[in-house]
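# Architecture and fold: a report
These are the residues of each chain, in order.
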Amino acid sequence: MTDQAVHTGGPAPSAGAVDGGGAAGGLLGRRRELDRLRADAGRAGLDALSGSPSARCRVLLIAGRPGSGRTALAEEFARQAAADYPDGILRARLSDPDGTPVPTERTARDLLRALAAARGTAGEPLAAPPAGAGDVELAEALRAALADRRALLLLDDVAAPEQLHGLLPDGRGCLVLAVSRGPLTGIPDVRPCTLEGLGTEAAVALLEKRAGDTPRVTVDPRAAESLAEACGGRPAALVLVGGWLAAHPTASVAEAARRFGALPDDLPGGAADDAHAPEDASGRVPGGHFGGLPGGLPSGLPGPARAAVPGPRARSAAVSRPLVRAFHLVHGSLPPSAARFLRLLALAPAGLADAHTASALTGCRADEAAATLEAFTGLGLLRTTATPGLYAVPGCLAPVLTAVLEERERPQDVRLARARVLERSARLLRSCRAAAEPPGSPARRAAAELPRALRFESRAAAAAWLGPRLPGLRAAARAAVADGELDTLVRRLAAGLAGALIAHLGHEAAAPELYRLHELLLPVTERRGLHGERAAILLDLGDLDAHAGRPHRALTRYRGALEAARADGGRGGDRSAAAYARALESLGDTYAHLGDDRRAGDWYGRALALCQTRGEPADEARLHGLIGAAHLREGRWEEALRAWRACAAACRRLRDGEAYARALEEVARVQEYAGRGEEARRTRRRALRWGRPGAVRGDGGAARGGETGTGGGARSRPAVARWMLEGASRTAESGGRPAK
């Protein structure tokens, strides 16, 4: 089975990608650590030695600071151990780029989605938990799905031990490889592997590999060793310094070491230990170039400005001082436009950027953005992913970029960049949805007017774009909601994302994502006073809860929708009134599901009164039938007869012969229950006459069964016959006689 990669923070890294440690094409050093991990994976735990083996799987821990090469080591171990786990490798990142822990619900659902996709490929579909399921339910579903499997779970950037408890499989056949900054207290029998800096030989080899083809490292080994020691053996710092050397082929290793030592080793805001010192403005090698960076890339962008705060971060992550110096070395040598381009990548949602995202952030052309992103990978500032054209900011550099952005950019410029990303994403999502529509549809015609760069050639191309970018789109929506000043754009983004998900996945598969989006937008509707939209969102959430078997939560949602529609005060016109009526009817449906037919009939009655006021005969006929069914289940024959006769009369006024015959059948059934056999037979004969094609109406007109007339009858088919023909009464479906 192929590896299943799930990154809550983005796609899996591509083979050979540099992720804060190692070198493209293979891992340098770490042979001792790999041997220890393999030995720990096969060694019996303390519980097994004591004679009482644990039901939980084995847990290995790679502990190290960001930039120590911990993720690269984990990926190399997973690659070597893949043959021992035929059910695949599941990957998830448990922290966002700003350090915020990822909720267990999100991680567990993404892992279950990957398992479901793998089972579907193997012909064994795995049922996914319903939308809105909580942490406990999803954790149980994940453990059940992994119970009889042999899989390796690579959980990167674990922020706290509590994140692991709900994700640990019960079966001993699985192995969990956790990557964290420090120990995971509370996880039983965890086997840690602590990372320090690379040895001198491996560090110099990494520096030489990244420095390019010139033999500068070979001809000056002492300077190379000195530079490797100054970097503390940190792979991420070595990669950045090697990228600087590759971009400046005339600079010697000794010159790089001198400049490296002269640079500050702290960041604004106290992200490192020492006080901040001004960056060396003269730290550029004359005649240097950056391997393909277009010279005039974002030339129209303004230069660095005063201090700014783009938005609150979850926590200020400490960064190793060699890594800060290496970043200053590269950032200070970039052209001003490229340096600003790099700083703005701190705003890339979920740390993911492609040409469209970078172009929107900086205001440059998409082709120029693509060239700059590719050049940044050579400098060690970005890493590639398994998706061509999609790049990821290394986790160790995310706090560095954020700190520099806060110091250099104005708040209004940061907010404008975020707004451009939201606008571009919303247009791409609209085009993505249109690609799934039939040719010639209104959505296709509207998408044809978009620029060529924003259009998709086929449905498959649109789906291939949507999948890997879903984590970034979620993160963009969350950041915009937290900002509080981009509510209009985030509503457009959410609407486009919901439409694209439904178009490509279908309502059932998209329901969990839709549930997340609806809950995310609730604060926006509240602070903006959008009562009509709030009512619509709560109605959708209530429907999802009811479908998932959570009727009491659905009741709370429907009551909230009722209050929101009432607070709208008619400003939404027909939409507000329709939401109010739908909330009333949904409350009746939920109480009927709970078996409280008295309350169900009461809510149906309120909805009926509103429909009669609004003059909606189709909805009126349906609600009469619902009330009649509720009374029938209670054994209240007379009330049920009145309701079903009113339903039949409404169907006749709508000139819907099929629905009228169905209502008469229900009248006859109630008459039988009430002991009126002769009346029931006469009513049933009348229903049979109306149910026949070509039946003659009592007023002399002809109406074929199932054919609607003019006027209100045009609305009767979806509003009346659909419900009545599927079965008006749960009593009839069960085959039992209601007890009086």
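Residues numbered from 1 in each chain as written. Predicted model: local features only at pLDDT ≥ 70, side-chain atom pairs only at ≥ 80, totals over all residues. Heavy atoms only, no water.

## Observations regarding the overall build of the protein
Scanning the protein for helices and strands turns up 31 helices and nine strands. The burial tally for the protein puts 54% of its 740 residues in the buried class. Nonlocal contacts in the protein, meaning residues at least 24 apart in sequence, comprise 72% of its contacts between residues at least 6 apart. A total accessible area of about 31,000 Å² is found for the protein, and carbon and sulfur atoms account for 52% of it. (Helix = DSSP H or I, 4+ residues; strand = E, 2+ residues; numbered from the N terminus. Buried < 20%, exposed > 50% of the residue type's maximum accessible area, 1.4 Å probe, protein only. Contact = heavy atoms within 4.5 Å. Areas by Shrake-Rupley, 256 points an atom, 1.4 Å probe, with all protein chains shown as cover.)

## Some details on the pattern of salt bridges
Going through the model one piece at a time under the given rule, you end up with 59 salt bridges. A salt bridge links Arg-259 to Glu-255; its shortest N-O distance comes to 2.6 Å. In this pair, Arg-259 and Glu-255 are both assigned in helix α11 (residues 253–262), four residues apart and thus about one turn of the helix distant. Notably, a salt bridge pairs Arg-408 with Glu-407, separated by 3.7 Å at the nearest N-O pair. Here Glu-407 falls in the partly exposed class, since its relative accessible area comes to 28%. Each member of the salt-bridge network shares a partner with another, and the members are Glu-105, Arg-109, Asp-110, Arg-113, Arg-474, Glu-513 and Arg-516. (Salt bridge = Lys/Arg side-chain N within 4 Å of Asp/Glu carboxyl O.)

## A look at the confidence of the model for the protein
Scored by pLDDT, the protein has a mean of 82; 79% of the residues are at 70 or more. Scored below 50 in pLDDT, residues 694–740 makes 103 contacts in the model with residues more than four places away or belonging to other chains. (pLDDT = per-residue confidence, 0-100.)

## Side note on the sheet that holds strand β8 (residues 383–384)
Picture the strands of a sheet paired through backbone hydrogen bonds; they go either parallel or antiparallel. In spatial order, the strands read β7-β9-β8; together these three strands make up an open sheet with antiparallel pairing. At either margin of the open sheet sits one strand with a lone partner, and together these are β7 (352–353) and β8. (Pairing = 2+ DSSP bridges.)

## Some remarks on helix α25 (residues 597–614)
Taking 1.5 Å of rise per residue, the 18 residues of α25 would be expected to cover 26 Å, and the 25 Å separating its terminal C-alpha atoms lies within 8% of that figure. Burial in α25 covers these residues: Asp-597, Ala-600, Gly-601, Trp-603, Tyr-604, Ala-607, Leu-608 and Cys-611. Down the axis, α25 shows its buried residues gathered within 165° of arc, on one side only. In α25, the exposed positions that point more than 90 degrees away from the buried face belong to Arg-598 and Thr-613. Where α25 ends, the next residue or the one after it, Gly-615, has phi of about 70°, a positive value. (Expected span 1.5 Å × (residues − 1). Arc of directions from axis to C-beta.)

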